[in-house]
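Spelled out from the first residue to the last, the chains are:
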Amino acid sequence: MGSSDRYDTLKRMDHTHLWHPFTQMQEWMGEDPCIIAEGDGSYLIDVNGNRYLDGVSSLWCNLFGHRRPELDEALKAQTDRIAHSTFLGLSHVPGIELAARLTAVMPPGLTRVFYSDSGATAVEVALKLAVQYWQLLGQTERTQFARLEESYHGDTVGAMSVGYSELFHHYHRTMLFPALSVKPPYAYQREQGLTEAEAMERSVAEARATVGREKDRLAAFIMEPVMQGAAGMWPQPAGYVRAIRDICADNGVLFIADEVATGFGHTGRMWACEHDGVTPDLMCVGKGITGGYLPLAATFATEQIFSAFLGEYGEFKSFFHGHTYTGNPLCCAVALAGLDIFEREALMETVPAKMTWLEQTLQADILSLPHVREIRQRGFMTGMELVKDKARGERYDPGLRIANQVVLEARRRGVIVRPLGDTLIMLPPLTISDAELATLVDVVRDSIRHVTEAS
Ligand SMILES: *Cc1c(COP(=O)(O)O)cnc(C)c1O
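What counts as what
- Residues numbered from 1 in each chain as written.
- Predicted model: local features only at pLDDT ≥ 70, side-chain atom pairs only at ≥ 80, totals over all residues.
- Heavy atoms only, no water.
- Near = heavy atom within 4 Å.
- Polar contact = N/O pair within 3.5 Å; in protein donor to acceptor, adjacent residues only side chain to side chain.
- Areas by Shrake-Rupley, 256 points an atom, 1.4 Å probe, with all protein chains shown as cover.
- Pairing = 2+ DSSP bridges.
- Helix = DSSP H or I, 4+ residues; strand = E, 2+ residues; numbered from the N terminus.
- Axes fitted to C-alpha atoms, helices over the stretch in contact; angles between N-to-C directions.
- Buried < 20%, exposed > 50% of the residue type's maximum accessible area, 1.4 Å probe, protein only.
- Contact = heavy atoms within 4.5 Å.
- Phe/Tyr/Trp six-rings, centres within 6.5 Å; stacked < 30°, edge-to-face > 60°.
- Lys NZ or Arg CZ within 6 Å of the ring centre and 35° of its normal.

1. Structural notes on the site of the ligand
Taken together, Trp60, Ser118, Gly119, Ala120, Tyr152, His153, Gly154, Glu224, Asp258, Val260, Ala261 and Lys287 make up all the residues around the ligand. A distance of 2.8 Å is found between an oxygen atom of the ligand and a backbone nitrogen or oxygen belonging to glycine 119. Taking alanine 120, its main chain carries an N or O atom lying 2.8 Å from an oxygen atom of the ligand. Isolated, the ligand exposes 380 Å² of accessible area, and the fraction of that covered by the protein chains is 82%.

2. Focus on the sheet that holds strand β4 (residues 110-116)
The strand order across the open sheet formed by seven strands is β4-β12-β11-β10-β7-β5-β6, and the pairing between neighbours is mixed. Because the sheet does not close on itself, it has two edges, and the strands there are β4 and β6 (180-182). Averaged over all pairs of adjacent strands, the angle between their axes in this sheet comes to 20°, without regard to strand direction. Pairing geometry for β4 and strand β12 (residues 297-302), over six bridges, is antiparallel. Within β12, the position partnered with arginine 112 by the bridge is alanine 301.

3. What to know about the environment of glutamate 70
With respect to the helices and strands, the residue glutamate 70 is situated in helix α4 (residues 69-79). Judged by relative accessible area, glutamate 70 falls into the partly exposed class, the value being 26%. Expressed as a C-alpha distance, the spacing of glutamate 70 and isoleucine 432, which sit 362 residues apart in the sequence, is 16 Å. Look past the residues within four positions of glutamate 70 in its chain and what remains in contact with it is Ala337, Ile341, Arg344 and Glu345. A polar contact of 2.9 Å, which involves the side chain of glutamate 70, links it to the side chain of arginine 68.

4. Some remarks on the side chain of histidine 15
Its place among the elements puts histidine 15 in helix α1 (residues 4-17). Separated by 3.5 Å, the side chain of histidine 15 and the backbone oxygen of methionine 29 make a polar contact. Not counting residues within four places of it along the chain, the set of residues in contact with histidine 15 comprises Trp28, Met29, Glu31 and Pro33.

5. Let's talk about the packing of aromatic side chains
Enumeration according to the criterion identifies 10 aromatic pairs in this entry. Between phenylalanine 87 and tyrosine 115 the ring centres are 5.7 Å apart and the planes differ by 55°, which places this aromatic pair in the tilted class. A residue pair is termed long-range when its members are at least 10 positions apart, and phenylalanine 87 in the loop between α4 and α5 (93-105) and tyrosine 115 in strand β4 qualify at 28 residues. According to the relative accessible area criterion, phenylalanine 87 is partly exposed, its value standing at 24%. For tyrosine 115, a relative accessible area of 3% puts it in the buried group. Through a chain of ring-to-ring contacts, three or more aromatic side chains come together here, namely Phe64, Phe264, Trp271 and Phe342. Geometry around tyrosine 43 places arginine 51 over its ring, the cationic atom sitting 4.7 Å from the centre.

See below:
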(Lines give C-alpha, C1' and ligand atoms only; values in the text may rest on other atoms or scores of the structure.)
Protein backbone atom coordinates (compact mmCIF):
# COMPACT_ATOMS: atom_id res chain seq x y z
CA MET A 1 0.00 0.00 0.00
CA GLY A 2 3.08 2.22 -0.15
CA SER A 3 2.60 3.23 3.46
CA SER A 4 5.44 1.30 5.03
CA ASP A 5 7.45 4.48 5.69
CA ARG A 6 4.49 5.77 7.56
CA TYR A 7 4.21 2.47 9.41
CA ASP A 8 7.87 2.58 10.44
CA THR A 9 7.56 6.13 11.69
CA LEU A 10 4.45 5.36 13.73
CA LYS A 11 6.01 2.20 15.13
CA ARG A 12 9.08 4.13 16.24
CA MET A 13 6.96 6.77 17.92
CA ASP A 14 4.79 4.12 19.61
CA HIS A 15 7.84 2.30 20.89
CA THR A 16 9.41 5.55 22.07
CA HIS A 17 6.49 7.24 23.77
CA LEU A 18 3.66 4.87 24.60
CA TRP A 19 2.82 2.73 27.59
CA HIS A 20 0.01 0.32 26.65
CA PRO A 21 -2.52 -1.08 29.15
CA PHE A 22 -2.07 -4.61 30.52
CA THR A 23 1.05 -4.95 28.38
CA GLN A 24 4.61 -6.13 29.01
CA MET A 25 6.27 -3.23 27.23
CA GLN A 26 9.63 -4.96 26.87
CA GLU A 27 7.97 -7.59 24.75
CA TRP A 28 5.85 -5.00 22.95
CA MET A 29 8.91 -2.97 21.99
CA GLY A 30 10.45 -6.07 20.41
CA GLU A 31 7.45 -6.67 18.14
CA ASP A 32 5.75 -5.08 15.17
CA PRO A 33 2.56 -3.51 16.51
CA CYS A 34 -0.68 -3.75 14.60
CA ILE A 35 -1.55 -0.07 14.10
CA ILE A 36 -5.19 0.55 13.31
CA ALA A 37 -6.01 3.46 11.06
CA GLU A 38 -9.65 2.94 10.14
CA GLY A 39 -12.75 0.88 10.76
CA ASP A 40 -15.38 -0.43 8.38
CA GLY A 41 -18.39 -2.28 9.79
CA SER A 42 -17.13 -5.41 11.57
CA TYR A 43 -13.60 -4.79 10.28
CA LEU A 44 -10.54 -2.92 11.50
CA ILE A 45 -8.04 -1.69 8.92
CA ASP A 46 -4.38 -1.12 9.77
CA VAL A 47 -2.08 1.57 8.36
CA ASN A 48 -0.81 -0.88 5.75
CA GLY A 49 -4.35 -1.53 4.52
CA ASN A 50 -4.76 -5.00 6.07
CA ARG A 51 -8.30 -5.82 7.19
CA TYR A 52 -9.14 -7.66 10.41
CA LEU A 53 -12.51 -8.95 11.54
CA ASP A 54 -13.09 -7.42 14.99
CA GLY A 55 -13.94 -10.61 16.89
CA VAL A 56 -13.80 -8.94 20.32
CA SER A 57 -15.74 -5.78 19.45
CA SER A 58 -12.77 -3.60 20.40
CA LEU A 59 -12.72 -5.03 23.92
CA TRP A 60 -16.45 -5.80 24.17
CA CYS A 61 -17.78 -2.32 23.48
CA ASN A 62 -18.55 -2.08 19.77
CA LEU A 63 -22.14 -3.14 19.21
CA PHE A 64 -23.09 -1.96 15.74
CA GLY A 65 -19.84 -2.01 13.78
CA HIS A 66 -17.32 0.74 13.11
CA ARG A 67 -18.25 3.94 11.30
CA ARG A 68 -21.98 3.40 11.65
CA PRO A 69 -23.54 6.23 9.62
CA GLU A 70 -26.25 6.87 12.25
CA LEU A 71 -23.73 7.19 15.08
CA ASP A 72 -21.35 9.28 12.97
CA GLU A 73 -24.25 11.56 12.08
CA ALA A 74 -25.41 11.90 15.70
CA LEU A 75 -21.88 12.82 16.76
CA LYS A 76 -21.45 15.39 13.99
CA ALA A 77 -24.88 16.89 14.67
CA GLN A 78 -24.06 17.25 18.37
CA THR A 79 -20.71 18.93 17.61
CA ASP A 80 -22.73 21.52 15.68
CA ARG A 81 -24.60 22.27 18.91
CA ILE A 82 -22.12 21.84 21.77
CA ALA A 83 -19.35 19.37 22.60
CA HIS A 84 -19.36 19.73 26.35
CA SER A 85 -21.02 21.63 29.15
CA THR A 86 -20.91 20.61 32.80
CA PHE A 87 -23.61 18.57 34.54
CA LEU A 88 -22.78 20.26 37.86
CA GLY A 89 -25.37 22.97 38.40
CA LEU A 90 -26.50 22.79 34.75
CA SER A 91 -28.27 20.21 32.64
CA HIS A 92 -28.26 19.54 28.90
CA VAL A 93 -30.50 18.14 26.22
CA PRO A 94 -28.86 14.83 25.25
CA GLY A 95 -28.09 13.95 28.90
CA ILE A 96 -31.76 14.37 29.85
CA GLU A 97 -33.07 12.53 26.82
CA LEU A 98 -30.67 9.64 27.29
CA ALA A 99 -31.62 9.23 30.96
CA ALA A 100 -35.28 8.97 30.01
CA ARG A 101 -34.61 6.52 27.18
CA LEU A 102 -32.30 4.32 29.27
CA THR A 103 -34.53 4.11 32.32
CA ALA A 104 -37.37 3.07 29.99
CA VAL A 105 -35.43 -0.03 28.92
CA MET A 106 -33.86 -0.82 32.31
CA PRO A 107 -35.14 -3.62 34.53
CA PRO A 108 -38.28 -2.09 36.09
CA GLY A 109 -37.60 -0.02 39.20
CA LEU A 110 -34.24 1.43 38.17
CA THR A 111 -35.43 4.99 37.75
CA ARG A 112 -32.33 7.13 38.34
CA VAL A 113 -29.15 7.55 36.30
CA PHE A 114 -25.79 8.81 37.51
CA TYR A 115 -23.35 9.27 34.62
CA SER A 116 -19.60 8.75 34.65
CA ASP A 117 -16.88 7.92 32.12
CA SER A 118 -15.88 4.26 32.39
CA GLY A 119 -17.00 0.95 33.81
CA ALA A 120 -14.64 1.38 36.73
CA THR A 121 -16.06 4.77 37.66
CA ALA A 122 -19.62 3.44 37.35
CA VAL A 123 -18.61 0.79 39.91
CA GLU A 124 -16.99 3.39 42.19
CA VAL A 125 -20.22 5.36 42.09
CA ALA A 126 -22.27 2.27 43.00
CA LEU A 127 -19.97 1.43 45.93
CA LYS A 128 -19.99 4.98 47.27
CA LEU A 129 -23.77 5.24 46.87
CA ALA A 130 -24.25 1.97 48.74
CA VAL A 131 -22.07 3.01 51.69
CA GLN A 132 -23.58 6.46 51.92
CA TYR A 133 -27.11 5.04 51.66
CA TRP A 134 -26.67 3.02 54.84
CA GLN A 135 -25.06 5.96 56.67
CA LEU A 136 -28.01 8.14 55.72
CA LEU A 137 -30.33 5.48 57.13
CA GLY A 138 -28.34 5.44 60.36
CA GLN A 139 -26.98 1.93 59.80
CA THR A 140 -23.40 3.07 60.03
CA GLU A 141 -21.92 -0.40 60.53
CA ARG A 142 -22.85 -1.43 57.01
CA THR A 143 -19.66 -0.53 55.20
CA GLN A 144 -18.38 -3.80 53.71
CA PHE A 145 -18.85 -5.54 50.41
CA ALA A 146 -19.19 -9.11 49.25
CA ARG A 147 -18.22 -10.24 45.77
CA LEU A 148 -17.57 -13.38 43.76
CA GLU A 149 -14.11 -14.90 43.44
CA GLU A 150 -12.34 -13.86 40.25
CA SER A 151 -14.78 -11.04 39.73
CA TYR A 152 -13.62 -8.06 37.72
CA HIS A 153 -15.04 -4.59 38.21
CA GLY A 154 -12.36 -2.30 36.77
CA ASP A 155 -8.93 -0.95 37.65
CA THR A 156 -9.55 1.99 39.96
CA VAL A 157 -8.84 1.31 43.63
CA GLY A 158 -12.41 0.78 44.83
CA ALA A 159 -13.31 -1.34 41.83
CA MET A 160 -10.14 -3.37 42.36
CA SER A 161 -11.02 -3.88 46.01
CA VAL A 162 -14.29 -5.57 45.11
CA GLY A 163 -12.55 -7.38 42.28
CA TYR A 164 -10.38 -10.36 42.90
CA SER A 165 -7.30 -11.34 40.99
CA GLU A 166 -4.14 -12.86 42.42
CA LEU A 167 -2.22 -11.86 39.32
CA PHE A 168 -3.45 -8.33 38.66
CA HIS A 169 -3.56 -7.21 42.30
CA HIS A 170 -0.20 -8.53 43.40
CA TYR A 171 1.53 -5.16 43.79
CA HIS A 172 -1.42 -3.14 45.02
CA ARG A 173 -2.84 -5.27 47.79
CA THR A 174 -1.85 -2.65 50.38
CA MET A 175 -4.04 -0.07 48.64
CA LEU A 176 -7.21 -2.17 48.64
CA PHE A 177 -9.97 -2.38 51.24
CA PRO A 178 -10.98 -5.90 52.27
CA ALA A 179 -14.08 -7.57 50.82
CA LEU A 180 -15.78 -10.89 51.45
CA SER A 181 -15.59 -13.53 48.76
CA VAL A 182 -18.04 -16.16 47.64
CA LYS A 183 -16.93 -18.93 45.32
CA PRO A 184 -19.08 -18.83 42.17
CA PRO A 185 -20.65 -22.02 40.78
CA TYR A 186 -18.12 -22.32 37.99
CA ALA A 187 -15.23 -22.39 40.48
CA TYR A 188 -16.94 -25.22 42.38
CA GLN A 189 -17.44 -27.13 39.15
CA ARG A 190 -13.89 -26.59 38.14
CA GLU A 191 -12.05 -27.16 41.40
CA GLN A 192 -14.20 -29.90 42.87
CA GLY A 193 -15.53 -31.62 39.76
CA LEU A 194 -19.14 -30.96 40.77
CA THR A 195 -22.05 -30.98 38.34
CA GLU A 196 -23.58 -27.63 37.46
CA ALA A 197 -26.54 -28.28 39.76
CA GLU A 198 -24.35 -29.34 42.68
CA ALA A 199 -22.02 -26.39 42.14
CA MET A 200 -24.94 -23.98 42.08
CA GLU A 201 -26.27 -25.42 45.32
CA ARG A 202 -22.87 -25.13 47.03
CA SER A 203 -22.28 -21.58 45.88
CA VAL A 204 -25.76 -20.43 46.88
CA ALA A 205 -25.36 -22.09 50.29
CA GLU A 206 -22.03 -20.36 50.75
CA ALA A 207 -23.50 -16.99 49.74
CA ARG A 208 -26.41 -17.50 52.13
CA ALA A 209 -24.10 -18.36 55.00
CA THR A 210 -21.66 -15.51 54.30
CA VAL A 211 -24.28 -12.84 53.79
CA GLY A 212 -26.33 -14.12 56.73
CA ARG A 213 -23.33 -14.09 59.03
CA GLU A 214 -22.08 -10.65 57.97
CA LYS A 215 -25.35 -8.92 57.20
CA ASP A 216 -24.97 -6.25 59.85
CA ARG A 217 -21.65 -5.16 58.35
CA LEU A 218 -22.51 -5.57 54.66
CA ALA A 219 -23.47 -2.61 52.51
CA ALA A 220 -23.86 -4.58 49.29
CA PHE A 221 -23.13 -7.68 47.27
CA ILE A 222 -21.67 -6.88 43.87
CA MET A 223 -21.56 -9.31 40.98
CA GLU A 224 -21.33 -9.66 37.23
CA PRO A 225 -24.63 -11.41 36.49
CA VAL A 226 -24.80 -14.51 34.24
CA MET A 227 -21.19 -14.37 33.00
CA GLN A 228 -17.96 -13.35 34.73
CA GLY A 229 -16.19 -12.00 31.68
CA ALA A 230 -12.64 -11.11 32.67
CA ALA A 231 -12.31 -14.28 34.77
CA GLY A 232 -12.12 -16.01 31.38
CA MET A 233 -15.88 -16.28 30.72
CA TRP A 234 -17.21 -18.08 33.80
CA PRO A 235 -20.92 -18.74 33.26
CA GLN A 236 -23.55 -18.98 35.97
CA PRO A 237 -26.43 -21.50 35.85
CA ALA A 238 -29.95 -20.20 35.22
CA GLY A 239 -31.44 -19.00 38.49
CA TYR A 240 -28.15 -18.05 40.14
CA VAL A 241 -28.64 -14.28 39.83
CA ARG A 242 -32.13 -14.66 41.26
CA ALA A 243 -30.78 -16.74 44.16
CA ILE A 244 -28.13 -14.14 45.09
CA ARG A 245 -30.61 -11.32 44.67
CA ASP A 246 -33.04 -13.07 47.04
CA ILE A 247 -30.33 -13.73 49.63
CA CYS A 248 -29.51 -10.02 49.56
CA ALA A 249 -33.17 -9.05 49.91
CA ASP A 250 -33.71 -11.51 52.78
CA ASN A 251 -30.77 -9.99 54.66
CA GLY A 252 -31.43 -6.34 53.79
CA VAL A 253 -28.18 -6.11 51.81
CA LEU A 254 -28.08 -4.08 48.58
CA PHE A 255 -27.55 -6.00 45.35
CA ILE A 256 -25.28 -4.34 42.77
CA ALA A 257 -25.23 -5.78 39.25
CA ASP A 258 -22.14 -4.90 37.25
CA GLU A 259 -23.49 -5.17 33.70
CA VAL A 260 -20.59 -3.28 32.15
CA ALA A 261 -19.73 -6.35 30.05
CA THR A 262 -23.02 -8.24 29.98
CA GLY A 263 -25.28 -5.27 29.25
CA PHE A 264 -26.60 -4.05 25.90
CA GLY A 265 -27.51 -7.45 24.53
CA HIS A 266 -24.29 -9.40 24.97
CA THR A 267 -25.92 -12.39 26.70
CA GLY A 268 -28.96 -12.50 24.41
CA ARG A 269 -31.17 -10.24 26.52
CA MET A 270 -30.78 -6.49 26.82
CA TRP A 271 -29.58 -7.01 30.41
CA ALA A 272 -28.22 -10.22 31.86
CA CYS A 273 -30.42 -9.68 34.96
CA GLU A 274 -33.46 -10.14 32.71
CA HIS A 275 -32.69 -13.85 32.31
CA ASP A 276 -33.73 -14.28 35.94
CA GLY A 277 -36.26 -11.43 36.05
CA VAL A 278 -34.12 -9.55 38.57
CA THR A 279 -34.05 -5.84 39.33
CA PRO A 280 -30.88 -4.90 41.20
CA ASP A 281 -30.77 -2.02 43.68
CA LEU A 282 -27.86 -0.52 41.76
CA MET A 283 -26.67 -1.39 38.29
CA CYS A 284 -23.52 -0.36 36.43
CA VAL A 285 -23.32 -0.13 32.65
CA GLY A 286 -20.53 1.05 30.35
CA LYS A 287 -18.72 -0.53 27.42
CA GLY A 288 -21.53 -0.82 24.83
CA ILE A 289 -23.46 2.25 25.95
CA THR A 290 -22.14 4.41 23.09
CA GLY A 291 -21.90 1.50 20.68
CA GLY A 292 -18.15 1.52 21.30
CA TYR A 293 -17.65 5.11 20.16
CA LEU A 294 -16.94 7.22 23.23
CA PRO A 295 -16.24 6.79 26.94
CA LEU A 296 -19.48 6.93 28.88
CA ALA A 297 -20.85 4.85 31.74
CA ALA A 298 -23.81 5.01 34.07
CA THR A 299 -24.91 3.79 37.47
CA PHE A 300 -28.64 3.17 37.87
CA ALA A 301 -30.44 3.34 41.19
CA THR A 302 -33.91 2.61 42.50
CA GLU A 303 -36.12 5.43 43.76
CA GLN A 304 -35.72 3.96 47.25
CA ILE A 305 -31.98 4.57 47.21
CA PHE A 306 -32.34 7.94 45.52
CA SER A 307 -34.85 9.21 48.06
CA ALA A 308 -32.55 8.45 51.00
CA PHE A 309 -30.25 11.20 49.67
CA LEU A 310 -32.98 13.86 49.71
CA GLY A 311 -33.08 16.59 52.34
CA GLU A 312 -32.32 20.23 53.01
CA TYR A 313 -28.93 21.32 51.70
CA GLY A 314 -27.70 21.86 55.25
CA GLU A 315 -28.31 18.21 56.11
CA PHE A 316 -25.45 17.43 53.74
CA LYS A 317 -27.04 14.30 52.36
CA SER A 318 -26.01 15.08 48.78
CA PHE A 319 -23.88 12.65 46.86
CA PHE A 320 -20.64 14.62 46.65
CA HIS A 321 -19.21 12.89 43.63
CA GLY A 322 -18.69 13.82 39.99
CA HIS A 323 -16.26 13.91 37.12
CA THR A 324 -15.37 16.80 34.84
CA TYR A 325 -16.93 15.06 31.85
CA THR A 326 -19.91 13.55 33.70
CA GLY A 327 -22.65 13.03 31.11
CA ASN A 328 -20.66 14.49 28.21
CA PRO A 329 -23.17 15.60 25.52
CA LEU A 330 -21.29 14.03 22.59
CA CYS A 331 -21.31 10.67 24.38
CA CYS A 332 -25.00 11.00 25.26
CA ALA A 333 -25.95 11.95 21.69
CA VAL A 334 -24.18 8.87 20.30
CA ALA A 335 -25.72 6.65 23.00
CA LEU A 336 -29.19 7.90 21.98
CA ALA A 337 -28.49 7.02 18.35
CA GLY A 338 -27.41 3.56 19.54
CA LEU A 339 -30.74 3.03 21.32
CA ASP A 340 -32.45 4.01 18.06
CA ILE A 341 -30.55 1.23 16.27
CA PHE A 342 -31.63 -1.30 18.93
CA GLU A 343 -35.23 -0.28 18.27
CA ARG A 344 -35.20 0.18 14.51
CA GLU A 345 -33.38 -3.08 13.87
CA ALA A 346 -35.23 -4.94 16.65
CA LEU A 347 -31.81 -6.28 17.63
CA MET A 348 -32.96 -8.16 20.71
CA GLU A 349 -35.32 -10.12 18.47
CA THR A 350 -32.82 -10.91 15.72
CA VAL A 351 -29.53 -11.37 17.55
CA PRO A 352 -30.43 -14.42 19.69
CA ALA A 353 -30.74 -16.58 16.55
CA LYS A 354 -27.17 -15.64 15.58
CA MET A 355 -26.03 -16.46 19.08
CA THR A 356 -27.66 -19.88 18.88
CA TRP A 357 -26.03 -20.50 15.51
CA LEU A 358 -22.67 -19.55 17.00
CA GLU A 359 -23.20 -21.87 19.95
CA GLN A 360 -24.14 -24.82 17.76
CA THR A 361 -21.32 -24.20 15.32
CA LEU A 362 -18.72 -23.86 18.06
CA GLN A 363 -19.93 -27.08 19.67
CA ALA A 364 -19.67 -28.91 16.35
CA ASP A 365 -16.56 -27.34 14.81
CA ILE A 366 -14.37 -26.24 17.71
CA LEU A 367 -15.26 -28.28 20.79
CA SER A 368 -14.54 -31.34 18.62
CA LEU A 369 -10.90 -30.27 18.22
CA PRO A 370 -8.48 -32.43 20.23
CA HIS A 371 -7.05 -29.51 22.24
CA VAL A 372 -10.24 -27.65 23.12
CA ARG A 373 -11.28 -28.51 26.67
CA GLU A 374 -14.55 -26.62 26.85
CA ILE A 375 -16.51 -23.75 25.42
CA ARG A 376 -18.21 -21.38 27.83
CA GLN A 377 -20.80 -19.19 26.19
CA ARG A 378 -23.75 -16.97 27.07
CA GLY A 379 -25.04 -15.13 24.03
CA PHE A 380 -22.02 -13.73 22.19
CA MET A 381 -19.78 -13.84 25.29
CA THR A 382 -17.53 -16.76 24.48
CA GLY A 383 -14.49 -18.44 26.01
CA MET A 384 -12.76 -21.41 24.39
CA GLU A 385 -10.27 -23.12 26.67
CA LEU A 386 -7.24 -24.93 25.26
CA VAL A 387 -5.55 -27.92 26.95
CA LYS A 388 -2.55 -30.04 26.14
CA ASP A 389 -4.33 -33.31 26.87
CA LYS A 390 -8.08 -33.23 26.77
CA ALA A 391 -8.66 -36.69 28.26
CA ARG A 392 -6.41 -36.05 31.25
CA GLY A 393 -7.22 -32.34 31.47
CA GLU A 394 -3.49 -31.56 31.39
CA ARG A 395 -2.74 -27.87 30.89
CA TYR A 396 -0.22 -26.41 28.50
CA ASP A 397 2.97 -25.06 29.99
CA PRO A 398 1.93 -21.46 30.84
CA GLY A 399 5.23 -20.28 29.31
CA LEU A 400 3.94 -21.41 25.91
CA ARG A 401 1.12 -18.87 26.11
CA ILE A 402 -0.84 -21.10 23.84
CA ALA A 403 -3.91 -18.87 23.55
CA ASN A 404 -1.72 -15.91 22.70
CA GLN A 405 -0.11 -17.95 19.92
CA VAL A 406 -3.55 -18.68 18.51
CA VAL A 407 -4.42 -14.98 18.74
CA LEU A 408 -1.33 -14.07 16.71
CA GLU A 409 -2.06 -16.77 14.15
CA ALA A 410 -5.66 -15.59 13.81
CA ARG A 411 -4.41 -12.05 13.30
CA ARG A 412 -2.16 -13.22 10.46
CA ARG A 413 -5.32 -14.71 8.98
CA GLY A 414 -7.25 -11.45 9.39
CA VAL A 415 -9.19 -11.97 12.63
CA ILE A 416 -8.82 -10.28 16.03
CA VAL A 417 -9.54 -12.36 19.13
CA ARG A 418 -7.99 -12.09 22.62
CA PRO A 419 -6.35 -14.46 25.09
CA LEU A 420 -7.19 -14.73 28.80
CA GLY A 421 -4.81 -17.30 30.22
CA ASP A 422 -5.34 -20.44 28.12
CA THR A 423 -8.79 -19.29 27.08
CA LEU A 424 -9.56 -17.63 23.76
CA ILE A 425 -12.10 -14.86 24.05
CA MET A 426 -14.59 -13.92 21.37
CA LEU A 427 -17.41 -11.37 21.55
CA PRO A 428 -18.37 -10.09 18.09
CA PRO A 429 -20.44 -6.96 17.42
CA LEU A 430 -24.21 -7.59 17.65
CA THR A 431 -24.61 -6.59 14.00
CA ILE A 432 -21.97 -8.98 12.63
CA SER A 433 -23.32 -10.60 9.44
CA ASP A 434 -23.89 -14.33 9.12
CA ALA A 435 -21.05 -14.59 6.60
CA GLU A 436 -18.67 -12.67 8.88
CA LEU A 437 -19.62 -14.83 11.83
CA ALA A 438 -18.87 -17.94 9.76
CA THR A 439 -15.48 -16.46 8.80
CA LEU A 440 -14.75 -15.75 12.46
CA VAL A 441 -15.41 -19.37 13.41
CA ASP A 442 -13.46 -20.76 10.44
CA VAL A 443 -10.38 -18.67 11.13
CA VAL A 444 -10.42 -19.39 14.86
CA ARG A 445 -10.77 -23.13 14.18
CA ASP A 446 -7.95 -23.14 11.62
CA SER A 447 -5.73 -21.06 13.90
CA ILE A 448 -6.30 -23.37 16.87
CA ARG A 449 -5.50 -26.35 14.64
CA HIS A 450 -2.40 -24.74 13.21
CA VAL A 451 -0.97 -23.80 16.60
CA THR A 452 -1.95 -26.89 18.59
CA GLU A 453 -0.78 -29.33 15.93
CA ALA A 454 2.65 -27.67 16.06
CA SER A 455 2.92 -27.51 19.88
C1 LIG B 1 -14.60 -3.85 31.49
C2 LIG B 1 -15.31 -4.02 32.79
C3 LIG B 1 -15.27 -3.03 33.79
C4 LIG B 1 -14.40 -1.80 33.68
O5 LIG B 1 -14.79 -0.97 32.64
P6 LIG B 1 -13.76 0.15 32.13
O7 LIG B 1 -14.56 0.95 31.16
O8 LIG B 1 -12.64 -0.61 31.49
O9 LIG B 1 -13.33 0.91 33.31
C10 LIG B 1 -16.02 -3.21 34.92
N11 LIG B 1 -16.77 -4.31 35.08
C12 LIG B 1 -16.83 -5.29 34.17
C13 LIG B 1 -17.71 -6.47 34.41
C14 LIG B 1 -16.08 -5.19 32.99
O15 LIG B 1 -16.10 -6.17 32.09
